Structures are given as C-alpha cells and as structure tokens.
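# Structure at a glance
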Amino acid sequence: MFESLSERLSGTINRIRGRGRLTESNITEALREVRIALLEADVALPVVQALIQRVKVRAVGQEVMKSLTPGQALIKVVRDELTNVMGAQASDLNLNVPAPAVILMAGLQGAGKTTTVGKLAKHLKEKRKKKVMVVSADVYRPAAIEQLKTLAGQTGALFFPSESTQKPVDIVRAAIDDAKKSFADVLIVDTAGRLAIDAEMMAEIKALHAAVTPVETLFVVDSMTGQDAAVTAKAFSDALPLTGVVLTKTDGDARGGAALSVRYITGKPIKFMGIGEKPDGLDVFHPDRVASRILD
Ligand code: GDP
C-alpha cells in the first residue's frame, strides 16, 4: 500500500527538499501537487481540503519561511499533518472492564471481519496474555461460523458454537454467560455483514450492540475499497458508537486513501492494520510510521 502515493509525492518532496529559500508561490505550487497526489490516492475530498489547509497555515508561518532549511521544514509540516489526520498516536484495545470484555466486530461482508477475529484472538492471547472466547452471530452464512471455528482452533481461542436457526441476540447473550463460566477475559463477537449497507443489517447490529454493551466496537474496513471505505465508515459511525477501526488488506496494492480518510471521517482511532491473510497478519497501527512510509 501507499506505493503510488509515495511515488507521486517523492517528485514534489525532492524538488523542495534542498531549497535554501521558499516563496509563498513555491509553497502554493508544492501543495497543489500534494493535493493532486492525495486525491489520486483516493483520499476523501474533505480530508484533503482539511489537511492542505492545515499545512498551508503552518507553511507560510515562521516555522517554514524563517527556517534555515525551509524545504526540510515544509516536509516536516506535511509529515506532521499526515500523522495527525491518521490519529497522531497508536491506540490500544481498552479491556478495562469486568470480564468478559466484549469486542463487537462490524463491517461489510468480505471486509475481513472473521479473519480479524482470529488475528485479534491471537494478539490478545500472545501479547496481552488474555483468555479469549469467540462467537459468530452470522446466522446467514453457516460457512462463516465454520470459518470462525477453524480460526479458533488455530489460535487457541475458546469457541462458543452457534446455529443458523438461532437469533443473533440470543447467541451473544448465551455466549456472555458461557464466557463468564469459563473465566474468559475477552469475548469477541463476529457479526453478519452484507455486500452493501442496508437498514436491516444496521438494525440488527444496533440490537446486538444494545444486548452486549461492548467495551470495543471495531469497524473493519477493506483498504482496497478506496473512496467507498469513507462512505461505509460514515454509515457505520452514524449508526454505532464505534471505538476504533481495523484497516484490512494493507498488504495489497491499495492506494492508501482509506488510511488517510477513515480516522477523519469517523473521528475514531485506527487501532490495527491487516497485513496478510494468516492469523499473524496483524499490526498495531502507528500513524507516524505510516506517514513516514508515505513520504520516504
Ligand atoms: P468477512 O466477510 O468480513 O468476515 O471477511 P473474511 O474474514 O471472510 O475475509 C474476506 C477475505 O479477505 C478472505 O479471503 C481473507 O483471507 C481476506 N483478508 C482478510 N484480511 C486480510 C488482510 O489483512 N490481508 C489480505 N491479503 N487478505 C485479507
């Protein structure tokens, strides 16, 4: 991910890097190129506008114009603001509630929810020494329940079985009881996704949210979906009190726009990024490192 964006930006960056002097018109020209590169990388328009505006205000100020190396100073401002738009700091899962801490997964079908449940189970077990139980409330796709069962086996998580004849709310209530009896620290709830946002699906996940009062409600979004990622993010964040985002498939050739848009659109931190299909294909999302990858 980000290859095409960093390629586009590297020309601009190299042109300004060594400059001993920058005029307002040089800056305006450079920022125009940055703006085009961001739009071409599928960053949502309001995000591009806000970002460029913030860079511009700082760029024509003392920090850049009076700097001994103004080119470098401008690059630093762009880097800072790219980092800020993605959330400034890495943000961990909050498990600070009486056990079991419930994590609810939301997102469209194919976004990578079930795969991410397996990855999170592994992460919580290995990095935070938690006993994890997983459950699927996807009663529309029996294959999804089986997929989760397999992942639980691979990652050493407890698996709470569910049937496609049950009601999602009943499944998750029973899973919470079982998690308590099994002394699980965390219960991760996988949910059904549709190919597009629809009212029925949103009503169901809202009901699930009300039934389990999760400490984390994670929106899982496919970074390959470009501009659509911003649209989906807005719909889910309007419907649910999200606590964070997982950006999947960043190992693919996505142009990077989703990473730069989704935090701004939802106001919620990107907590993890998917970097492969396997259970270990998950990284904590570090906005500063991602910004460096975009600019270097
Ligand atoms: P769900 O419908 O949201 O539960 O999506 P799945 O978990 O079934 O994932 C859909 C597809 O995306 C599967 O083929 C996964 O292997 C793949 N996938 C999920 N996350 C990643 C990722 O981070 N990288 C890659 N390359 N593939 C992923």
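In the annotation of an unreviewed UniProt entry, the entry for the protein reads Signal recognition particle protein, and the organism field reads Lysobacter soyae. In the Sequence similarities (unreviewed entry) part of its UniProt record, the protein is described as follows: "Belongs to the GTP-binding SRP family. SRP54 subfamily." UniProt annotates the protein under Subcellular location (unreviewed entry) with the comment "Cytoplasm".

## Some points on the layout of surface pockets
If you add up the space inside the largest pocket, you get close to 330 Å³. Together, 20 residues line the largest pocket, and Gly110, Ala111, Gly112, Thr115 and Lys249 are the ones closest to its centre. Secondary-structure elements contributing two or more residues to the lining of the largest pocket are helix H6 (113-128) and helix H7 (142-155). With five residues, the single largest contributor to the lining of the largest pocket is H6. Of the residues belonging to the lining of the largest pocket, the class tally is two nonpolar, ten polar and eight charged. For the second largest pocket, the calculated volume is near 150 Å³. In terms of lining, the second largest pocket is formed by 13 residues, of which the most central are Leu108, Ala111, Asp222, Thr225 and Thr232. When contributions to the lining of the second largest pocket are tallied by element, the ones reaching two or more residues are strand E5 (216-222) and helix H10 (227-239). Its residues assigned to classes, the lining of the second largest pocket comprises six nonpolar, five polar and two charged.

## Considerations on H10
Taking 1.5 Å as the rise per residue, H10 with 13 residues should run 18 Å; its terminal C-alpha atoms sit 19 Å apart, in good agreement. Among the residues of H10, those classed as buried are Ala229, Ala230, Thr232, Ala233, Phe236 and Ala239. If you follow the buried residues of H10, they end up packed against strand E1 (101-106), helix H9 (199-212), E5 and helix H11 (257-266).

## Points about the packing of H9 against H10
Relative to each other, H9 and H10 sit at 45°, their axes nearing to 10 Å. Considering their axes alone, H9 and H10 lie oblique with respect to each other. In this structure, the crossing between H9 and H10 has a hand that is right-handed. Along its contact with H9, which presents Met201, Met202 and Lys206, the element H10 presents Ala235, Phe236 and Ala239. Of the residues that constitute the contact of H9 with H10, the class distribution is five nonpolar, no polar and one charged.

Rules of the game
- Residues numbered from 1 in each chain as written.
- Predicted model: local features only at pLDDT ≥ 70, side-chain atom pairs only at ≥ 80, totals over all residues.
- Heavy atoms only, no water.
- UniProt positions renumbered as here; feature names shortened; annotations may be inferred.
- 1 Å grid on protein atoms, 1.4 Å probe; cavity = no way out; pocket = protein on both sides within 12 Å on 5 of 7 lines; lining within 4 Å.
- Points joined across faces, edges and corners; volume = space filled by probe spheres on them.
- Helix = DSSP H or I, 4+ residues; strand = E, 2+ residues; numbered from the N terminus.
- Nonpolar A, V, L, I, M, F, W, Y, C, P; charged D, E, K, R; others polar.
- Expected span 1.5 Å × (residues − 1).
- Buried < 20%, exposed > 50% of the residue type's maximum accessible area, 1.4 Å probe, protein only.
- Contact = heavy atoms within 4.5 Å.
- Axes fitted to C-alpha atoms, helices over the stretch in contact; angles between N-to-C directions.
- Parallel < 35°, antiparallel > 145°, perpendicular 65-115°, else oblique.
- Left-handed = near helix turned anticlockwise from the far one by under 90°.

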